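The primary structure of each chain is shown beneath.
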Amino acid sequence: MDTIDLRSDTVSWPTPEMRQAMAEAPVGDDVFGEDPTVNRLQEEAARRLGKEAGLFVASGTMGNLVAILTHCGRGDEVILGDKAHTFVYEAGGISALGGVHPRTLPVQPDGTLPPDLIRSAIRPDNIHMPRTRLIALENTQGTVGGIPVPKSYIDAVGEIAGAHHLALHIDGARIFNAATALNCDVADLVGAADSVTFCLSKGLCAPVGSVLVGSREYIEEARRVRKILGGGMRQAGILAAAGLIALEKMTERLDEDHQNARLLAEGLAEMPQIEIDLSRVQTNMVFFSLRDDAGITAPELAERLKTHNILIMDMGERQFRAVTHYWIRPEHIIQVLVALQKELP
Ligand code: TLP
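Everything quoted here is computed from the prediction, not taken from an experiment. By convention here, each chain's residues receive numbers from 1 onward along its written sequence. Per-residue local features of the predicted model are confined to residues with pLDDT of at least 70, and side-chain atom pairs are confined, for both listing and counting, to 80 or more; whole-chain, interface and lining totals are unaffected and use all residues. Processing note: side-chain calculations cover all non-hydrogen atoms of the structure and skip hydrogens and water entirely.

Caption draft 1: Focus on the overall build of the protein. Only DSSP runs of H or I covering at least 4 residues are called helices, and only runs of E covering at least 2 are called strands; the numbering of each starts at the N terminus. When its secondary structure is counted, the protein shows 14 helices and 13 strands. Just to be clear, the radius of gyration here is over C-alpha atoms, and the globule rule we use is 2.2 Å times residues to the power 0.38. Expected size for 345 residues packed as a compact globule is a radius of gyration near 20 Å; at 20 Å, the protein falls within 12% of this value. Its C-alpha atoms give the protein principal-axis dimensions of about 60 × 50 × 35 Å. For the protein, the proportion of its 345 residues judged to be buried stands at 55%. In this tally Asp and Glu are treated as negative and Lys and Arg as positive; neither His nor the chain ends contributes. Throughout, a charge is located at the NZ atom of Lys, the CZ atom of Arg, the CG atom of Asp or the CD atom of Glu. Distance between charge centres in the protein, computed from 33 positive and 46 negative side chains, equals 3 Å. Only protein chains enter the accessibility calculation, which uses a 1.4 Å probe; a residue whose area is less than 20% of its type maximum is buried, one above 50% is exposed, and one in between is partly exposed.

Caption draft 2: Representation of the packing of aromatic side chains in the model. Between the rings of Phe, Tyr and Trp (Trp by its six-membered ring), a pair exists once the centres lie within 6.5 Å; its type follows the angle of the planes, with under 30 degrees stacked, over 60 edge-to-face, and the other angles tilted. According to the stated counting rule, one finds 4 aromatic pairs in the structure shown. Ring geometry for F288 against F320: centres 5.0 Å apart, planes inclined by 20°, an arrangement best described as stacked. Within this pair, whereas F288 is found in strand β10 (residues 285–290), its partner F320 is found in strand β13 (residues 319–323), the two being separated by 32 residues in sequence. The same class applies to F288 and to F320, which are both buried. Every member of this aromatic cluster is reached through a ring pair, and the members are W13, Y326 and W327.

Caption draft 3: Expanded view of the site of the ligand. Working definition: residue near molecule or strand if any one of its non-hydrogen atoms lies within 4 Å of it. Near the ligand you find 13 residues, and of these S8, T61, H85, D171 and K202 are the closest. With respect to the ligand, the side chain of R174 contributes an N or O atom lying 2.9 Å from an oxygen atom. Accessibility throughout is a Shrake-Rupley quantity obtained with a 1.4 Å probe, and a residue counts as covered only by protein chains that appear here. A total of 510 Å² of accessible area belongs to the ligand in isolation, and the protein chains cover 80% of it. Think of a 1 Å grid over the protein atoms and nothing else: a 1.4 Å probe that fits but is trapped marks a cavity, an open set flanked by protein within 12 Å on at least five of seven lines marks a pocket, and residues with an atom within 4 Å of a point count as lining. For a molecule to be placed in a cavity or pocket, more than half of its atoms must lie within 2 Å of the grid points of that cavity or pocket. A majority-of-atoms criterion places the ligand in the largest pocket. Among the elements that make up the shell around the ligand, the one with the highest residue count is helix α3 (residues 60–71) (3 residues). Residues adjacent in sequence count toward polar contacts only when both atoms are side-chain atoms; beyond that, a polar contact is any pair of N or O atoms within 3.5 Å, and within protein one must be able to donate a hydrogen and the other to accept it.

Caption draft 4: How the structure looks around the pattern of salt bridges. Salt bridges are identified by distance alone: a Lys or Arg side-chain nitrogen within 4 Å of an Asp or Glu carboxyl oxygen. All chains considered together, the criterion is met by 21 salt bridges. One salt bridge in this structure joins R7 and D5, with 2.6 Å as the shortest N-O distance. For R7, a relative accessible area of 34% corresponds to the partly exposed category. Across the salt bridge formed by E343 and R304, the nearest N and O atoms sit 3.9 Å from each other. Here E343 is found in helix α14 (residues 330–343), whereas its partner R304 is found in helix α13 (residues 298–306), with 39 residues between them in sequence. A single salt-bridge network, built from bridges that share partners, covers E77, R103 and R123.

Caption draft 5: Broad picture of helix α10 (residues 216–228). The length a helix should cover is 1.5 Å for every residue beyond the first. If you check α10, its first and last C-alpha atoms are 19 Å apart, about what 13 residues at 1.5 Å a residue would give, namely 18 Å. Taken as a whole, α10 has its buried residues at Y218, I219, A222, V225 and R226. Viewed end-on, α10 has its buried residues packed into an arc of 110°, placing them on one side of the element. Across from the buried face of α10, at angles greater than 90 degrees, the exposed residues are R216, E217, R224 and I228. In the core, the buried residues of α10 are packed alongside α2 (36–49), β2 (53–57), α3, β7 (195–199) and β8 (210–214). Where α10 terminates, the next one or two residues include G230, which has phi positive at roughly 80°. Working note: the arc is built from the helix axis to C-beta atom directions. By definition in these notes, contact holds between two residues if any of their heavy atoms fall within 4.5 Å.

Caption draft 6: Structural context of the sheet that holds strand β5 (residues 131–138). Paired strands, in this sense, are two strands between which DSSP finds at least two bridges. Here we have 7 strands laid out as an open sheet, ordered β2-β8-β7-β6-β5-β3-β4, and mixed in their pairing. Among the strands making up the open sheet, the edge pair consists of β2 and β4 (101–105). Taking the axes of each pair of neighbouring strands and ignoring which way they run, one obtains an average angle of 20° across the sheet. Across 4 bridges, the pairing between strand β3 (residues 76–81) and β5 is parallel. Note that in β5 the partner of V78 across the bridge is L134. In this fold helix α7 (residues 151–163) packs onto β5 and β6 (167–171), with an angle of close to 150° to the strand it touches most, β6. Fitted lines through C-alpha atoms serve as axes, helices being fitted only where they are in contact, and the angles separating the N-to-C directions of these axes extend from 0 to 180 degrees. Of the strands in this sheet, β2, β7 and β8 touch α10, which is tilted by about 20° from β2.

Caption draft 7: View of the side chain of H169. Within the element layout of this structure, H169 appears in strand β6. At 3.0 Å, the side chain of H169 forms a polar contact with the side chain of N64.

Caption draft 8: View of the pairing of β2. Counting buried residues along β2, 5 of its 5 residues qualify, which places the element largely inside the surrounding structure. Where burial is concerned, the two faces of β2 agree: the one with A53, L55 and V57 and the one with G54 and F56 are both buried. Bridge count between β2 and β8: 5 bridges; the pairing is antiparallel. Across the sheet, the residue bridging to A53 is G214, located in β8.

Caption draft 9: Representation of the environment of Y326 within the structure. Examined against the element boundaries, Y326 turns out to sit in the loop between β13 and α14. Expressed as a C-alpha distance, the spacing of Y326 and L55, which sit 271 residues apart in the sequence, is 25 Å. Apart from the residues lying within four places of it in its own chain, the contact partners of Y326 are T15, C205, M250, R253 and D257.

So, in structure tokens, the structure goes:
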């Protein structure tokens, strides 16, 4: 890449190997179910996540939308976090397009929703109320720092869902980062979930795409919902070819990104103008703030870093988020720390 771009892992370019595989991918009409590369990707994704079937979708947003519209009808309710990507950053799609009612619960610093609050949010059978159909979790939980949520918690929520005949969906945009950080098998981690969306295009470097996985019957229905949303693609094997490399190879190297995030965080912790909680840097995200007396605002500092060819996301007057990915190497982290030392007053 031609910049040190820490704004997100979504900015990562496809690798040369991906570009080569895309050029050579066998393709067919995927709306007819005839694209061999898409079919391979979907099968491999389902196998890796321990589910029966998979569906290739254009984005994480589309994956969550298709997932939730497949679980819920109009007027049904989904219980999800007040800081969940689906609630905050997906343009209200579940309500706008599916008539699905969101019931939010406070996301805790460890990325969980309190089980007692989940239980008490489940509606009784009462004609005055929406019907609770679904619980949706996010893993890693982005807005609280990319925190991985452990299997024990997901299993506990799965039990609550099962006891009330609800489905459990996981927005696992970065589920492989979670499994890497927790040092567990990804299929085990999501074993309690009925459906999972994960992204090929973030830390896994593919240019486009996510996969929704679940039971065969569920994915057949999801295929119809994807069609309704205009997401039936044709020779999508061109994209799935990169996705296969993402799934097979890039999932194995995410610990490097986590180590680079740690390197950045430790360097930041030594700067007197900066506040950071090192215990919260567990995957590829680094959240940090400027002290009140730092003498510069976050947007001003982000502007100054651009002159060093460094891009970083300011979030308000004091806060930043930096995300590491394949194209960020330890020497880039050192360059960022040197530039910060120069630009901080
Ligand atoms: N997240 C993006 C932005 O939209 C905030 C980012 O830079 O982190 N679930 C989670 C947990 C996500 O973080 C994202 C993207 C999505 C879903 C949506 O994925 P896309 O961008 O592929 O629609």
